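Remarks on the overall topology
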Amino acid sequence: MLSSLQSKTRAVSILLLVTGLVSAMLVYRTSANNMTQNRGQGRRVPLSVLQSSELVIRSDYDKKTLLAPSKDGQTLYSLDAITGDLFVYEKNGKPAKKVAASFLNVEAFAVGPKHELYLAQKDSTARIVSSDGRRVNSFQTVYPKSIAVLGNGNVVVASPFNGKNLHLYNGQGRLVASFGDIRPFDANLAENEFLNEGRVVVGPDDQIYYVSTYAPEPYVLRFSSEGALLGEFQIEGEAVDLQTGLTKEFLNRRGFCSGGVTIITSASVSPATGHLWLGMNGLSTQGLVYEYDQTGTKVREFAFLLTSNNKTQNVTNVKDMVVSGGSLFILTTGGTYGFKLS
């Protein structure tokens, strides 16, 4: 349910653990005309609050859960990366059901037009499995971090190696093209490859989006289905500022260790509008999901309220996210919640 922000500060301070650093958060609502500055575009965008009590798929907080939508927008898939359990939620009011329990060592996954699963495995294998669990194909790649499938069956794997971030394979697993230059964030090769990691998602017209995960200056690249660069833009906002500040502090103090702060946690493209939606963590006073149109212009920011047992709480961590069929699904503490966008 869409509710407006009211101007009065209310409620309490709560603690948020973000990559080992604790930040105090004030829970408040602001009025509907409160706007947040999108500095890079020199314009203001509305901050809206979505409220929901619909827990569509329950999951434990400490488990790594992955979300992916079907191409038709009517089905949401949730994969427990620890147990290998795959759950399916149909938008017909019925509870989510477990359909398989054998998808282990999965780093990321996507759903094809016939509900087949494209699995990016931690052993550098991309595996294609039919909706009934039958193995269709598999091929070797290099440390896949994210995966997407085009309408013609080509597969895009996100993995920084050989100077490129994206690698396009045909349905038989043959490498067709590599594109998206690795950017120079750090002098250390391994650390620089880590900072270049990102998520790949595909729009309804087969445009390919690459969204940085850890980059100190987070960005989005947009490509054609063949890998030609169509555009790029920076990701900006208060929640991003918080995370990039933590990133810079970590990089300055890391010593001999490597790693970084997760700045952008999730990405999804609306099949209805083609808009790109990005999720992140932040404070309860900030928008945690940004919506961009195809030109890279930010349209809206969203904050979220969950209602359970007559109690309302703010969402401060977006672990994963899917926009599908007029709904926004947010994976956060306790499971995946559904929010109506209309």
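For the structure given in this document, a descriptive report is provided here.

Conventions we followed
- Residues numbered from 1 in each chain as written.
- Predicted model: local features only at pLDDT ≥ 70, side-chain atom pairs only at ≥ 80, totals over all residues.
- Heavy atoms only, no water.
- Helix = DSSP H or I, 4+ residues; strand = E, 2+ residues; numbered from the N terminus.
- Salt bridge = Lys/Arg side-chain N within 4 Å of Asp/Glu carboxyl O.
- Buried < 20%, exposed > 50% of the residue type's maximum accessible area, 1.4 Å probe, protein only.
- Pairing = 2+ DSSP bridges.
- Axes fitted to C-alpha atoms, helices over the stretch in contact; angles between N-to-C directions.

**What about unusual backbone geometry?**
Even without glycine at this site, Asn 105 takes up a positive phi of about 60°. If you trace the backbone, Asn 105 turns up in the loop between β10 (97–100) and β11 (106–111). Non-glycine residue Asp 206 carries a positive phi angle of around 65°. Of note, Asp 206 is situated in the loop between β19 (198–202) and β20 (208–212).

**Overview of the pattern of salt bridges**
With the rule as written, the count across this model stands at six salt bridges. Note that Asp 181 and Lys 164 form a salt bridge whose closest N and O atoms lie 2.4 Å from each other. Taken together, the residues Asp 181 in strand β18 (residues 175–181) and Lys 164 in strand β17 (residues 164–169) connect sequence positions 17 residues apart. In this structure, the salt-bridge partner of Arg 199 is Asp 320, at a minimum N-O distance of 3.4 Å. You can see Arg 199 sitting in strand β19 and its partner Asp 320 sitting in strand β28 (residues 320–324), a full 121 residues away along the chain. A relative accessible area of 25% means that Arg 199 is categorised as partly exposed.

**Overview of the sheet that holds β19**
Reading across the sheet, the four strands line up as β19-β20-β21-β22 and stay open at both edges, with antiparallel pairing between neighbours. Two strands in the sheet have a free side with no partner beyond their single neighbour: β19 and β22 (229–234). Ignoring which end each strand starts from, the neighbouring axes of this sheet average 15° apart. By the bridge criterion, four bridges tie β20 to strand β21 (residues 219–223) in an arrangement that is antiparallel. Residue Tyr 210 lies in a different strand from β21, and its bridge partner there is Leu 221.

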